[in-house]
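The primary structure of each chain is shown beneath.
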Amino acid sequence: MSGAPESERESAQAAVRMLREGGDEEALAEGLESFATAAMEEGDLGASAAALEEAAGRWESLGDHARQGHALLLAAASRRLAQDFGAAAHDLARADSVPDLPDPVRRALDAERAEQDLAAGRPELAAPRFTAVLDALPADEEPLTRAHILQRRAAAAVDAGRWRDAAADLMDAEALYAAHGTRDEAEAAALGAAAAISNVDVTLAEDVLGAIEAHTPEDGAAAARRGVVGGHIAKAGNRPDVALGRFDAARQAALDVADPIAYLTAAAESSRVAEQIPDDAIAYGRLATAWATLGDLLGEDAARQLVRPLLVDLRDRMGVERFAAAREAYEKSEPTA
C-alpha cells in the first residue's frame, strides 16, 4: 500500500538533496529557489529565507549578480514577514553590495528598505523612501507597480496619522488600477481612501463611498468589504443606527459567500455599535448568532474558539447583571440571521 503523495515542499526538498550530489551549481540554485517557494506557500518563512540565502551564494559563485540580488531581496522580505528584522536588514545589506544589479532590482531593494522601516514602526522614514522609489520609476511605465507603491506609501501615512496624504495616495492608486481594468484592486484602494479620510472629513468619506456604491459589487465579498468600511464611516460620523445597518449588510453579504472571517468581523462590529447605542439585546444577539452560524460553517469547536472570547469581553464591559439581562432579552426576541 503506497503512502500519501508528497507535498510540493517534500518534492522540492528531495530534488535539492539530489542536486547537491550532482555538482551542478546552477541547477542547485534553481532547486533551492523552488524549495523556497514551496516553503513560503506552507508559511515556513524561515526555511524559505534560508534556502534563498543559500541560493544567493550559489548565484554569486556563478557570477550571476542579477539572480543573486533577486534571491537576497526575496530572503529579506521573508525575514521581514517573519519579524526577524535583524536578519532582514542583513540580507538587504548583502544585496546592496552586489554589483551591476538591474535597475528594477535596485528599485525593489529600495522598496524593501521602506517596508522594513514601516514594519519596524518607523513610518516617518518609510514614506520618503517610497517617494524615492516612485520618483525612480520610468514615466508612464509600470502603472501597477506605481499603484502598489502608492498604496504602501499610504500605509506609512496611516501609521503616522496623516490621513489626507493617505487618502490622496490611495485615490491615485485607484485611478491607475481602474485605467488598467483591475476593478477589485481599484475598489479596494478607494475603500481604503474612504476609511482614511473618515478620520478628518466624514462628508468626503461618504462621497467616496457613494461613488463606489454607484456600481454593483462584484460579489458578496466585495459587498461585505463595503459594508464594514461604510459602518466605520458612519461611526465616525456619529450615526450608530446607520453603522449598525451597514455592518449587518456586511454580515449577510459575507454569509452569502460563506466567508467566516468577514462574517465574524462584521458581526463583532455590529455588536460593538449596538452596545454603544445602547441596544444590549442586539449587542448580545449578534455574537450569539455568530456562534451558531460559524458552527454551521466551521464546526462547533472552531466557532467556540472564535466567538467565546468576544462574548467574555462583552460581559466584562457590561458587567454580569447587564449581560444576563441582555441575554434574556435576546432569547425572548426572535433572533435574526
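Here the structure is shown first, and the text comes after it.
If you're wondering where the values come from, they're calculated on a predicted model, not measured in any experiment. (Residues numbered from 1 in each chain as written. Predicted model: local features only at pLDDT ≥ 70, side-chain atom pairs only at ≥ 80, totals over all residues. Heavy atoms only, no water.)

Once that is clear, we can look at the nonpolar core. Ranked by internal contacts, the top residues of the largest apolar core, which has 30 residues, are Tyr284 and Val307. At the level of secondary structure, the elements contributing two or more residues to this core comprise α12 (220-236), α13 (240-256), α14 (260-276), α15 (280-298), α16 (300-318) and α17 (320-332). It is α14 that contributes the most residues to this core, seven residues altogether. Other than its neighbours up to four places away in sequence, Tyr284 contacts Leu311, Leu314, Phe323, Ala326, Arg327 and Tyr330. (Core = buried A, V, L, I, M, F, W, Y, C linked by side-chain atoms within 4.5 Å. Buried < 20%, exposed > 50% of the residue type's maximum accessible area, 1.4 Å probe, protein only. Helix = DSSP H or I, 4+ residues; strand = E, 2+ residues; numbered from the N terminus. Contact = heavy atoms within 4.5 Å.)

As a further point, take helix α3 (residues 45-62). Compared with an ideal rise of 1.5 Å per residue, which puts 18 residues at 26 Å, α3 spans 26 Å between its outermost C-alpha atoms and is within 8% of the ideal. Among all positions of α3, only Leu45, Ala47, Ser48, Ala49, Ala51, Leu52, Glu53, Ala55, Ala56 and Trp59 are buried. At the C-terminal side of α3, Gly63 shows a positive phi close to 80°. (Expected span 1.5 Å × (residues − 1).)

Throughout the structure, instances matching the rule amount to 31 salt bridges. Across the pair Asp280 and Arg322 runs a salt bridge whose closest N-O atoms are separated by 2.7 Å. Of this pair, Asp280 sits in helix α15 while Arg322 sits in helix α17, and the two are 42 residues apart along the sequence. What makes Arg322 partly exposed here is its relative accessible area of 31%. Overlapping salt bridges, with partners in common, bring together Arg20, Glu25, Glu54 and Arg58 in one network. (Salt bridge = Lys/Arg side-chain N within 4 Å of Asp/Glu carboxyl O.)

To continue, consider the packing of α15 against α17. Following both chains from N to C, one finds α15 and α17 inclined at 75°, their axes separated by 8 Å at the closest point. With respect to each other, α15 and α17 are oriented roughly perpendicular. Of the residues in α17, those touching α15 at Asp280, Ala281, Tyr284, Gly285, Ala288 and Thr289 are Arg322, Phe323, Ala326, Arg327, Ala329 and Tyr330. For the contact of α15 with α17, a count of residues per class yields seven nonpolar, two polar and three charged. (Axes fitted to C-alpha atoms, helices over the stretch in contact; angles between N-to-C directions. Parallel < 35°, antiparallel > 145°, perpendicular 65-115°, else oblique. Nonpolar A, V, L, I, M, F, W, Y, C, P; charged D, E, K, R; others polar.)

Considering the arrangement of structural elements, one finds Val200 in the loop between α10 (183-197) and α11 (202-213). Residues Val200 and Val242 lie 42 residues apart in sequence; the distance between their C-alpha atoms is 19 Å. Sequence-distant contacts of Val200, defined by excluding residues within four places in its chain, comprise Trp163 and Arg164.

This paragraph deals with the packing of aromatic side chains. Counting across every chain of the model gives two aromatic pairs. Ring geometry for Tyr284 versus Phe323: centroids 5.4 Å apart, planes at 75°, classification edge-to-face. Here Tyr284 is found in helix α15, whereas its partner Phe323 is found in helix α17, with 39 residues between them in sequence. Ring pairing ties together the aromatic residues Tyr284, Phe323 and Tyr330, which thus form one cluster. (Phe/Tyr/Trp six-rings, centres within 6.5 Å; stacked < 30°, edge-to-face > 60°.)

Bringing helix α5 (residues 85-96) into the picture now. Taking 1.5 Å of rise per residue, the 12 residues of α5 would be expected to cover 16 Å, and the 16 Å separating its terminal C-alpha atoms lies within 8% of that figure. The complete set of buried residues in α5 reads Ala88, Asp91, Leu92 and Ala95. Angularly, the buried residues of α5 cover 100° about the axis, an arc narrow enough to put them on a single face. In α5, the exposed positions that point more than 90 degrees away from the buried face belong to Gly86 and His90. At its buried positions, α5 is contacted by α3, α4 (65-81) and α6 (103-119). (Arc of directions from axis to C-beta.)

Between helix α2 (residues 25-41) and α3, the shortest axis-to-axis distance is 8 Å and the interhelical angle comes to 160°. Accordingly, the angle class assigned to the pair α2 and α3 is roughly antiparallel. Relative to α3, α2 is oriented so that their crossing is left-handed. Here α2 contributes Glu25, Glu26, Leu28, Ala29, Glu30, Leu32, Glu33, Phe35, Ala36, Ala39 and Met40 to the contact with α3, which in turn contributes Leu45, Ala47, Ser48, Ala51, Leu52, Glu54, Ala55, Arg58, Trp59, Ser61 and Leu62. Grouping the amino acids of the contact of α2 with α3 by side-chain chemistry returns 14 nonpolar, two polar and six charged. (Left-handed = near helix turned anticlockwise from the far one by under 90°.)

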